[in-house]
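Summary of the model geometry
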Amino acid sequence: MRVTRSCICGSDLHLYHGLMPDTRVGSTFGHEFTGTVEEIGPGVQSLKVGDQVLVPFNIFCGACFFCERELYGNCHNTNPEASAVGAIYGYSHTAGGYDGGQAEFVRVPMADVGPTVIPPDIHGDDAVLLTDALPTGYQAAEMGDIQEGDTVVVFGAGPVGIFAAKSAWLMGAGRVIVVDHVDYRLEFARRYAQCEVVNFKDVPDMALHIKKMTDWLGADVCIDAVGCEASGSAMQSLAGRYMMVQAGSATALHWAINSVRKGGNVSIVGVYGPTFNAVPIGNALNKGLTLRMNQASVKRHLPRLIEHIQAGRIDPKAIITHRVPLEEVADAYHIFSSKLDDCIKTILIPPH
Ligand code: NAD
Ligand code: ZN
């Protein structure tokens, strides 16, 4: 495929910060991309040269036990060496070692099942957000099993959290609260997803604060759209063949478990590379919580999300703040990672 657009994702920051095991120097990052089919292999029936396609970030076979159940993020055949994670473009050898789409060209394996031809009335900027950020936010809300009128708290006002908040309304939430510490992102979330916002720098005790906001019950549903947070110096470890795995923390996950009401649901889409031994699992048990988590199964959500976009219920491309030539990718990572220049979502444009 000749890449037309690729995005930088919060997941790429885990690689960038050295939080993902088995990230090898020389691998090409990028799991959110659209492009033009340039060449097809002999096994490909469903695409032709010249098609404009969006490619879900999961690489999946479409035929195994998991794919039959639409758990494409857990496909058994494309990353057979790893017991836990399915294969993901440009996401370390832990996720299969496939090269990604922050490039001019990318090889798309299993091309009969993954790529979706972009409908003519879907804008290219919306299409690239359908490869991950929007379906992941949507699945985060779906895994929360939101009931009519529920109070939903979303941790993280990045693209995934913002789309989770927007999706929560589509699923019947009565109240949506988004938590972050970056003011411009909270302000964007407040306008775009019509939610209440909390800056965690202003809150000494998150669980207590959410309780106060909810008649002392706690939220019905909490969503972790943050994942592992880097601590320590990151890029210094980029030497030799592997990046060293850094220490990380899991604050948002603690807050999600502690802020939800008894019997509530916690939905985790934030990605955790390292193992955490201090997750408050005792609190989760005592409160009778339901915890759900997964890599999003992008393809499963596409028909419904395309319908939402066509009907004008959601405008994904509104979150794009930066459009950068691929050659400037290093600066673009720095700006996105450091939350500079009001950056929410960056699209990289290859030179052709
Ligand atoms: P992002 O980095 O743009 O956004 C994360 C936001 O969380 C930032 O705005 C940051 O300020 C905020 N934050 C940091 N610590 C926080 C805390 N303790 N409480 C509340 N907010 C906090 O990333 P994104 O692209 O929105 O992705 C969010 C997460 O979702 C990442 O972990 C990413 O890896 C993950 N992800 C998962 C899947 C999946 O399929 N499960 C897919 C895509 C992304
Ligand atoms: Zn992503």
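Computed from a prediction, not measured in an experiment: that's the story for all the values here. Within any chain, residue numbers begin from 1 and follow the written order of that chain's sequence. For this description, chains carry letters from A and ligands carry numbers from 1, given in the order in which they are written. Side-chain atom pairs in this predicted model are given and counted only at pLDDT of 80 or more, local residue features only at pLDDT of at least 70, and totals for whole chains, interfaces and linings cover all residues.

**Things to note about the overall build of the chain**
Helix numbering and strand numbering both begin at the N terminus, where a helix is a DSSP run of H or I of at least 4 residues and a strand a DSSP run of E of at least 2. On a plain count of helices and strands, the chain comes out with 11 helices and 16 strands. Only C-alpha atoms enter the radius of gyration; for comparison, a globular chain is expected to reach 2.2 Å times N to the power 0.38, where N is the number of residues. Here the C-alpha atoms of the chain give a radius of gyration of 19 Å, agreeing with the 20 Å that 2.2 N^0.38 yields for 352 residues. Around each residue's C-beta, the other C-beta atoms within 10 Å are counted; 20 or more make the residue buried, 12 or fewer make it exposed, and counts in between make it partly exposed. All C-beta atoms are placed from the backbone. Here the chain holds 352 residues, and 49% of them are scored as buried. Remark: residues whose backbone-derived C-beta atoms lie within 7 Å of one another are considered to be in contact. Counted over contacts in the chain with a minimum sequence separation of 6, partners at least 24 positions apart contribute 71%.

**Regarding the sheet that holds strand 15 (residues 320-325)**
Two strands are said to pair when DSSP picks up at least two bridges between them. Taken together, the 6 strands give an open sheet; going across it, the order is 6-3-2-1-16-15, and neighbouring strands pair in mixed fashion. In this open sheet, the two strands that pair with only one neighbour each are strand 6 (116-117) and strand 15. The sheet contact formed by strand 1 (residues 2-8) and strand 2 (residues 33-36) spans 4 bridges and is antiparallel. Bridging across to strand 2, Ser6 finds its partner in Phe33. Along the sheet, helix 11 (residues 329-337) makes contact with strand 1, strand 15 and strand 16 (345-349), crossing strand 16 at roughly 175 degrees. The axes used here are C-alpha line fits, helices contributing only the stretch in contact, and every angle between their N-to-C directions lies in the interval 0 to 180 degrees.

**As for unusual backbone geometry**
The phi dihedral of Asp215 falls on the positive side, at around 50 degrees, and the residue is not glycine. In this fold, Asp215 is placed in the loop between helix 7 (206-213) and strand 10 (219-224). Not every positive phi belongs to a glycine, and Trp216 is a case in point at roughly 70 degrees. Take Trp216: it is sitting in the loop between helix 7 and strand 10.

**Describing the UniProt feature "domain: Alcohol dehydrogenase-like N-terminal" (unreviewed entry) in the chain**
UniProt positions are given in the numbering used here, feature names are shortened, and annotations may be inferred rather than shown by experiment. Taken from the UniProt record, the annotation "domain: Alcohol dehydrogenase-like N-terminal" (unreviewed entry) applies to residues 2-114. Across residues 2-114, the secondary structure splits into 10% helix and 17% strand, with the terminal C-alpha atoms separated by 16 Å.

**Quick look at the site of ligand 1**
Working rule for contacts: place C-beta from the backbone, and if it is within 6 Å of a molecule or strand, that residue counts as near it. In the region of ligand 1, 31 residues are neighbours, and Gly10, Ser11, Gly158, Gly227 and Val271 sit closest. The set of elements that each furnish at least two residues to the shell around ligand 1 consists of helix 1 (10-16), helix 5 (159-170), strand 8 (175-180) and helix 8 (251-259). Of the domains in this structure, domain 1 (2-132 + 297-349) and domain 2 (134-293) are the two that each give at least three residues to the shell around ligand 1. Domain boundaries shown here were taken from an automatic or database domain assignment.

**Quick word on the pairing of strand 14 (residues 290-293)**
Look at any regular strand and the pattern is simple: side chains alternate between the two faces of the sheet. Bridging between strand 13 (residues 260-268) and strand 14 involves 4 bridges; their strand directions are parallel. Bridge pairing in strand 14 links Asn265 to Thr290. Viewed along the sheet, the connection from strand 13 through helix 9 (residues 281-286) into strand 14 turns out right-handed. Crossovers are marked right-handed if the path from the first strand over the helix to the second runs clockwise, as seen with the strands pointing away from the viewer.

**Focus: the packing of helix 4 (residues 133-143) against helix 5**
Where helix 4 meets helix 5, the closest approach of the two axes is 7 Å, and the angle between their N-to-C directions is 50 degrees. Looking at the two axes, helix 4 sits oblique to helix 5. Helix 4 and helix 5 meet at a crossing whose hand is right-handed. Residues Ala133, Leu134, Thr136, Gly137, Tyr138, Ala140 and Ala141 of helix 4 lie in contact with helix 5, whose contacting residues are Pro159, Val160, Ile162, Phe163, Ala164, Lys166, Ser167 and Ala168. Residue classes follow a fixed rule: Ala, Val, Leu, Ile, Met, Phe, Trp, Tyr, Cys and Pro count as nonpolar, while Asp, Glu, Lys and Arg count as charged, and any other residue, Gly among them, counts as polar. Partitioning the contact of helix 4 with helix 5 into residue classes produces 11 nonpolar, 3 polar and 1 charged. If an angle is under 35 degrees, it is roughly parallel; if it is over 145, roughly antiparallel; if it lies from 65 to 115, roughly perpendicular; otherwise it is oblique. Crossings are sorted by hand: turned counterclockwise from the far helix by less than a right angle, the near helix makes the crossing left-handed, and turned clockwise it makes it right-handed.

**With respect to the domain arrangement of the chain**
Under the domain assignment used here, the chain contains domain 1 (2-132 + 297-349) and domain 2 (134-293). The C-alpha centroid of domain 2 is placed 23 Å from the C-alpha centroid of domain 1. Across the boundary between the two partners, domain 1 contributes 29 residues, which contact 33 residues of domain 2. At the level of elements, helix 1 and helix 10 (298-310) are the ones that each hand at least two residues to the side of domain 1 that touches domain 2. Its residues assigned to classes, the side of domain 1 that touches domain 2 shows 14 nonpolar, 8 polar and 7 charged.

**So, the sheet that holds strand 7 (residues 151-155)**
Two pairing modes exist for strands in a sheet, parallel and antiparallel, and in both the strands are linked by backbone hydrogen bonds. If you trace the 6 strands from one edge of the open sheet to the other, you get 9-8-7-10-13-14, paired in parallel fashion. Each edge of the open sheet carries a strand with a single partner, namely strand 9 (196-199) and strand 14. For this sheet, the mean angle separating the axes of adjacent strands, direction not counted, is 20 degrees. Alignment of strand 7 against strand 10, held across 4 bridges, turns out to be parallel. Each bridged residue has a counterpart across the sheet, and for Val154 the counterpart in strand 10 is Ile223.

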